[in-house]
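Letter by letter, the chains look like this.
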Amino acid sequence: MVEAVRKVFVDLYNEGLIYRDKRLVNWDPHFQTAISDLEVEPREVKGQYWHLRYPLADGVTYEHPVFDEEGEPAGTERRDYIVVATSRPETMLGDTGVAVHPDDERYKSLVGKFVTLPIVGRRIPIVADEYPDMEKGSGAVKITPAHDFNDFEVGKRAGLEVMNILTSVAAIVDGDEADTAGIPQRYRGLDRFEAREAVLADFEDAELMHEIEKLKIEQPFGDRSGVVIEPWLTDQWYVNAKELAKDAIKAVREGETRFVPTNWEKTYYNWMEDIQPWCISRQLWWGHRIPVWYGPMLDRGRYVSTAERKVFVAKTWDDAKALAENDPDYEGVRVNLDESPLQMPHTGTMHTVEERPRDVYLVQDEDVLDTWFSSGLWPFSTMGWPNKTPELDAFYPGAVLVTAFDIIFFWVARMMMQGIKFMDGKAPFKDVYIHALVLDEKGQKMSKSKGNVVDPLELVDEYGADALRFFLARQATQGRNIRMSTQGVEGYRNFATKIWNAAKFCQMNEVQFGQGIDPSTIKHPTNKWVIGELVRAQAAVADAIAAYRFNDAADANYRFIWNVYCDWYVELIKPLLGGDDEALKAETRLVAGWVFDEMLKALHPFMPYLTEELWGKLAEARDGFLMLERWSDFGPEYQDAEADAELDWMLDFISEVRGVRGTLNVPAGAKPSLAIIGANENTKARLARHGDVIKRRARLEEITLSDAMPDGAVSLVLGEATLGLQVADLIDLAEEKSRLGKEIEKLEKDIAGIEKKLANEKFVSRAPPEIIEEQHTRKADAEAAIDKLRGAATQLASLLG
RNA sequence: GGUCGAUUAGCUCAGCGGUAGAGCACUGCAUUGACAUUGCAGGGGUCACAAGUUCAAUCCUUGUAUCGACCA
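Residues numbered from 1 in each chain as written. Chains lettered and ligands numbered in written order. Predicted model: local features only at pLDDT ≥ 70, side-chain atom pairs only at ≥ 80, totals over all residues. Heavy atoms only, no water.

> Give me the lowdown on the packing of aromatic side chains, citing residues and values where you can.
Taken as a whole and judged by the stated rule, the model has 39 aromatic pairs. On the numbers, 6.5 Å between centres and 35° between planes, the contact of Phe470 with Tyr558 is tilted. Placement of Phe470 in helix 13 (residues 465–475) and of Tyr558 in helix 16 (residues 550–578) is noted, with a sequence separation of 88 residues between them. On the numbers, 5.8 Å between centres and 15° between planes, the contact of Trp594 with Tyr638 is stacked. Note that Trp594 is positioned in helix 17 (residues 582–603) and Tyr638 in the loop between helix 18 (608–618) and helix 19 (641–663), a separation of 44 residues in sequence. Neither Trp594 nor Tyr638 differs from the other in exposure class; each is buried. Each member of the aromatic cluster is reached from another via a ring pair, and the members are Phe470, Phe471, Tyr492, Phe495, Tyr558, Trp562 and Phe606. (Phe/Tyr/Trp six-rings, centres within 6.5 Å; stacked < 30°, edge-to-face > 60°. Helix = DSSP H or I, 4+ residues; strand = E, 2+ residues; numbered from the N terminus. Buried < 20%, exposed > 50% of the residue type's maximum accessible area, 1.4 Å probe, protein only.)

> Residues and numbers for the protein's contact with RNA strand B, please.
Neighbouring RNA strand B are 41 residues, the closest being Arg480, Gln487, Thr497, Trp562 and Arg766. A breakdown of the atoms of RNA strand B within 4 Å of the protein gives sugar and phosphate a share of 70%. At a separation of 3.3 Å, a sugar or linking oxygen of RNA strand B approaches a polar side-chain atom of Asn760. Listing elements by their share of the surface near RNA strand B, those giving two or more residues are helix 6 (264–273), helix 14 (486–508), helix 16, helix 19, helix 22 (761–766) and helix 23 (769–800). Of the residues forming the surface near RNA strand B, the biggest block, 10 residues, is contributed by helix 14. (Near = heavy atom within 4 Å. Polar contact = N/O pair within 3.5 Å; in protein donor to acceptor, adjacent residues only side chain to side chain.)

> Explain the packing of helix 1 (residues 2–14) against helix 11 (residues 408–422) to me, using residue names and the numbers behind them.
Two numbers describe how helix 1 lies on helix 11: the axes approach to 12 Å, and their chain directions differ by 75°. Between helix 1 and helix 11, the angle falls in the class roughly perpendicular. Each of Val8, Asp11 and Leu12 in helix 1 lies in contact with helix 11, whose residues at this interface are Gln418, Lys421 and Phe422. (Axes fitted to C-alpha atoms, helices over the stretch in contact; angles between N-to-C directions. Parallel < 35°, antiparallel > 145°, perpendicular 65-115°, else oblique. Contact = heavy atoms within 4.5 Å.)

> Go over the pattern of salt bridges, please, and point to the residues and values.
The tally for this structure, following the rule as stated, stands at 53 salt bridges. Between Glu39 and Arg282 there is a salt bridge; the shortest N-O distance is 3.2 Å. Linking Glu39 in the loop between strand 2 (33–35) and strand 3 (40–55) with Arg282 in strand 15 (residues 281–282), this pair joins segments that are 243 residues apart in sequence. Its relative accessible area of 3% is what places Arg282 among the buried residues. Taking the shortest distance from any N to any O, the salt bridge between Asp359 and Arg334 comes out at 3.0 Å. Residue Asp359 is located in strand 21 (residues 359–364), and its partner Arg334 is located in strand 20 (residues 334–337); the two are separated by 25 residues in the primary sequence. We classify Arg334 as partly exposed; its relative accessible area is 48%. One salt-bridge network, held together by shared partners, links Arg88, Glu90, Arg192, Arg196 and Glu230. (Salt bridge = Lys/Arg side-chain N within 4 Å of Asp/Glu carboxyl O.)

> Give me a negative patch on the surface: which residues, what numbers.
Taken together, Asp68, Glu69, Glu70 and Glu72 make up a surface patch of like negative charges. For Glu69, the position within the fold is in the loop between strand 4 (62–67) and strand 5 (73–79). (Patch = residues over 30% accessible without salt bridge, like charges linked within 9 Å, V, L, I, M, F, W, Y side chains within 5 Å. Areas by Shrake-Rupley, 256 points an atom, 1.4 Å probe, with all protein chains shown as cover. Lys, Arg positive; Asp, Glu negative; His and termini not counted. Charge placed at Lys NZ, Arg CZ, Asp CG, Glu CD.)

> Can you tell me about the sheet that holds strand 2, naming the residues and giving the values?
Strand order in the open sheet formed by four strands is 2-1-12-14, and the pairing between neighbours is antiparallel. Among the strands making up the open sheet, the edge pair consists of strand 2 and strand 14 (278–279). The sheet contact formed by strand 1 (residues 18–28) and strand 2 spans three bridges and is antiparallel. Bridge pairing links Asp28 to Thr33 in strand 2. (Pairing = 2+ DSSP bridges.)

> Describe in detail the nonpolar core, supporting the description with residues and values.
Of all hydrophobic cores here, the largest spans 105 residues; its most connected members are Phe560, Tyr565, Phe596 and Phe653. Ignoring any residue separated from it by four or fewer positions in sequence, one finds Tyr565 in contact with Cys506, Phe560, Val570, Ala592, Val595, Phe596 and Met599. Val292, Val313, Ile420 and Ile434 belong to the second largest nonpolar core, which has 54 residues in total. (Core = buried A, V, L, I, M, F, W, Y, C linked by side-chain atoms within 4.5 Å.)

> Would you mind going over the pairing of strand 23 (residues 398–404) in detail, with residue names and values included?
Bridge count for strand 23 against strand 24 (residues 429–435) is six bridges, and the pairing is parallel. Bridging from a neighbouring strand, Leu401 pairs with Val432 of strand 24. With helix 11 bridging strand 23 and the parallel strand 24, this β-α-β connection has right-handed handedness. (Right-handed = clockwise from strand over helix to strand, strands pointing away.)

> Please give an account of the packing of helix 17 against helix 18 that cites residues and values.
In a packed pair of helices, the relevant descriptors are the angle between the two axes and the axis-to-axis distance. In contact at an axis separation of 9 Å, helix 17 and helix 18 are set at 155° when each is read in the N-to-C sense. The angle between the axes of helix 17 and helix 18 places the two elements in the roughly antiparallel class. Relative to helix 18, the crossing made by helix 17 is left-handed. Residues Phe596, Asp597, Leu600, Lys601 and Leu603 of helix 17 pack against Thr611, Leu614, Trp615 and Leu618 of helix 18. Taken together, the residues of the contact of helix 17 with helix 18 break down into six nonpolar, one polar and two charged. (Left-handed = near helix turned anticlockwise from the far one by under 90°. Nonpolar A, V, L, I, M, F, W, Y, C, P; charged D, E, K, R; others polar.)

> Quick one: what's the story with the sheet that holds strand 23, residue by residue and with numbers?
Within the open sheet, the three strands sit side by side as 13-24-23. Their pairing is parallel. With partners counted over all chains shown, the strands left at the sheet margins are strand 13 (258–260) and strand 23, one partner each. Across the sheet, the mean angle from the axis of one strand to that of its neighbour is 20°, orientation sign disregarded.

> Explain unusual backbone geometry residue by residue, including any values.
Note that the residue after Val260, namely Pro261, is joined by a cis bond; omega there is -5°. Relative to the helices and strands, Pro261 resides in the loop between strand 13 and helix 6. Going from Trp385 to Pro386, the amide bond is cis rather than trans, its omega being 10°. Relative to the helices and strands, Pro386 is located in the loop between helix 9 (378–381) and helix 10 (390–395). Its identity as a non-glycine residue notwithstanding, Asp424 has a phi of 55°, on the positive side. With respect to the element layout, Asp424 can be found in the loop between helix 11 and strand 24.

> For the environment of Phe763, give the residues involved together with the corresponding values.
Among the secondary structure elements, Phe763 is positioned in helix 22. Judged by relative accessible area, which is 15%, Phe763 ranks as buried. The contacts of Phe763, once residues within four sequence positions are left out, are Lys757, Leu758, Ile771, Ile772 and Gln775.

In structure tokens form, the structure reads like this:
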């Protein structure tokens, strides 16, 4: 790891992609280190804008427009000062200019003139620059290049001096720097906030305080220290991220690396295309120490008069020493390592003497690297790079990186840049899956300071790890965050219990686990159907996982297990397992067990503990872990359309009867008889096969074939047949009349809608034929059903008298 | 200011150019054979608003509003 980090640093340095530069950094005065833009948290806080009067130098005056109480223009007044607005008055000690917008009519005459900076008495120019906002404050801004990022840029454009007035702990400077800036003695060493009070008091005393405006201001805070960050001028090491970003952008543009969901690509581009030089040095005690050694500046063995130092960048001290010894400037001198005491390289100065030293001492940079500099090497440094290893061959590039969106900049972007750079242009992963953030119940980000953190371990204790995991998967819709909900987790605890109980049922019924099946030998439609359902569900799970749609995968599992296997299949096979057809019993035990086993496989990624446990317990002598099982590929022989149609019919039959019973409040204990009118041969055959099961599930006394609707029977339509549920003595016939009325009304509405559509010439001529066909079918079905229901209504009416 | 996302049942959220879905909550019924951590049934939605495209829009386009996140 150390080797990888040093190699990357040295290589990038030698290519000119790492360099040392004096720039403004985000300085954390608490931890006394530079931090990256990403570690700065802008917060809106209550603040003030102080409007300060800067006296114009050389007796200059100008006319400034004034307004009356209604805000109407009221002429001008002659001023011998210019007003600047600031939220940080103490920085005025370092002001080296005042800027106004070139289009600002008010100040046009002042550009090129000077002001006398109060307190320090410095003469500074008024310059024109696009930066000031004419609408904000007075329209004129003070420029402090050493202590503000915008001002730094303005200063650069206008050629203003850069004057540092703060120390590393954000106190006013003392000594030489203070002398240069002309800072009065009483200010020196004051903390920045004390200095602010002092400056304000001085302005008040000098009657230069123009106005105080209260408003909300954005202030930068260190995300770890929580103190106000100070833009500060220092020497730091930078990576030319702009250059490295080029190929990293290209890799995503060309589809070598794909973001899932894809909309994050835009976020990635936005940041990468506007990337700033990456400050990688940190003034911390932990981390990878920067592999740079500094020595005195010599010219062919002689000291030269400069404060600069010679820089040797190398992987080790030995290499650095060799570099120095071979340097013509170090000709004839002995190179030694100076281990202490060390000077902070960004503040230190070196002696300059006109002589030929016998020994020079090199000192290693005290700073360490930004943690993301080494983390960015993770995809290959963990595989043994820079050595060539089998692991590196096998696992670079990786298939998928799973992470949260807030890590795209910190980590993903750096891995992309460094991976492509050092791994022959190959991006470190094919897919980047950006997962949801887990928020609290109200949709707020969890944080310690808010006290809304939900401890996953507590949820695991209460509901189980599988329930929590399944809940998260079920909620993990692409592009949306997850709101934590204990109630939701509880629901999946119940799901786990349900599975456990289904297993118990199977065991009690001597279901055979751990056996294969040959679908061609399975005879009973219910068994054929459940095999088909399992296969379809498993395919749905597999497809969803492949598409990173984990919610759909979890959902497909949930539905199959609860709604198909438990709610229907288990109920449907109870009569079979309790019957006396031994061959059918054996077949059902085999199928029930096989389907259960396959179900465990499909569910395993979502509920690993429960499924592994059941897998091991249900069958004796299974070879190994469920975790290691492969999912099977099921061919068409596992599907049977005929069986599916038959079961659909049966399930409809039962549901329809249950629905009517519910609507008409037929007591659950009552077992009415049912007559079927107009059944075709197919229906009769199905009835022969499933009559017993239907009776049991729909709670019917008997099912008979009939030519006519028995008196007082409630009609419902099932395919070509009409079912007559004989409940006249159990229900309120008026209820039934109203039910029929509602059904008929609904169908009439449907039919009217379809007819309107079909009467629309444009629809008939332009819609695809299958859509038109579908409308015809729907209409015919609805008409057939409505006929039967109208017949029933007439009959009922006569019965009611 | 820029970018992205959201707006669908009381709540949390799926979904889709052609019949609006789930879970929870709610209502009614059911309890001696897997499971009350349950079963069966039911009520409940102008799919934010406006315009456009289309034979057809909750879905596509544009705009508006509100909310959220990220960046500046």
